[in-house]
Amino acid sequence: VAALMLVGVSTMNAQKGYEVPPLNEELKGMAQQVVEMQLTDPEGANKNFMKLLRKVRKDQEGLLSVGDFFLENNDFGSASYCAKTLYEVAPTYIPGLLFSAEVFMKAQNWGAAGQRYDEVLAQDSTNLYALKRNAFVYKNINPYVAEEMLERIKRIDPSDYEADKELGDIAFNANAYPKAVKHYDSYYKAVPKDKE
């Protein structure tokens, strides 16, 4: 079960629910320099980070690109600062909200991540990525909310067999075995036969 959960987490993290604008070479070089200096010269890295931030501070796409670069390169502090600044600059920018939620997910701050996904869903109730990630966040904390999210996914996309599996897991964990069997049955009927 633990191995399956890790596979689920890694496949979920491999996908992004938002488009990241390409980072121009100058900004990419500055960001790379910040990442490389974190261990050898933290003070210098901080100075370079502040220079970089001044260049993109009011540009929501620039902040997203730079923040995503830091998140991909495991510089959580810089990514977190970019997410915070991006939220201040553009609090309704859906890619920024999704990025901010991913930063909170990496910090295992489930409540804050769920809040960001809720903000996305308040603007676009059919955003499948936000629904799936919110279901993931709430699956073990509040299974009723997770179940509601998964049911919404099934209404939007009835062919989403992963939602059936998640619904089966929730029912199984709640000892609602007949309901779990129903959902697992739907999952096994829909899942491609060549999938492991």
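None of these values were measured; they are calculated from a predicted model.

Describing two packed helices takes the angle between their axes plus the distance from one axis to the other. At a closest axis distance of 9 Å, the pairing of helix α3 (residues 42–56) and helix α4 (residues 60–72) adopts a crossing angle of 150°. Compared by their axis directions, α3 and α4 come out roughly antiparallel. You can see that α3 and α4 cross each other, and the crossing is right-handed. Judged by residue contacts, Phe49, Leu52, Leu53 and Val56 of α3 engage Gly62, Leu63, Val66 and Phe70 from α4. When its residues are assigned to classes, the contact of α3 with α4 shows seven nonpolar, one polar and no charged.

Secondary-structure assignment places arginine 152 in helix α9 (residues 143–156). Residue arginine 152 is classed as buried on the basis of its relative accessible area of 18%. Apart from the residues lying within four places of it in its own chain, the contact partners of arginine 152 are Leu121, Ser125 and Leu131.

Next up on the list: the confidence of the model for the chain. Across the chain, the average pLDDT comes to 91, with 92% of residues at or above 70. The least confident element of the chain is helix α1 (residues 2–14), whose mean pLDDT is 38; the most confident is helix α6 (residues 94–106), at 97. pLDDT under 50 marks residues 1–14. Its contacts with residues more than four places away, or in other chains, come to seven contacts.

Conventions adopted
Residues numbered from 1 in each chain as written. Predicted model: local features only at pLDDT ≥ 70, side-chain atom pairs only at ≥ 80, totals over all residues. Heavy atoms only, no water. Axes fitted to C-alpha atoms, helices over the stretch in contact; angles between N-to-C directions. Helix = DSSP H or I, 4+ residues; strand = E, 2+ residues; numbered from the N terminus. Parallel < 35°, antiparallel > 145°, perpendicular 65-115°, else oblique. Left-handed = near helix turned anticlockwise from the far one by under 90°. Contact = heavy atoms within 4.5 Å. Nonpolar A, V, L, I, M, F, W, Y, C, P; charged D, E, K, R; others polar. Buried < 20%, exposed > 50% of the residue type's maximum accessible area, 1.4 Å probe, protein only. pLDDT = per-residue confidence, 0-100.

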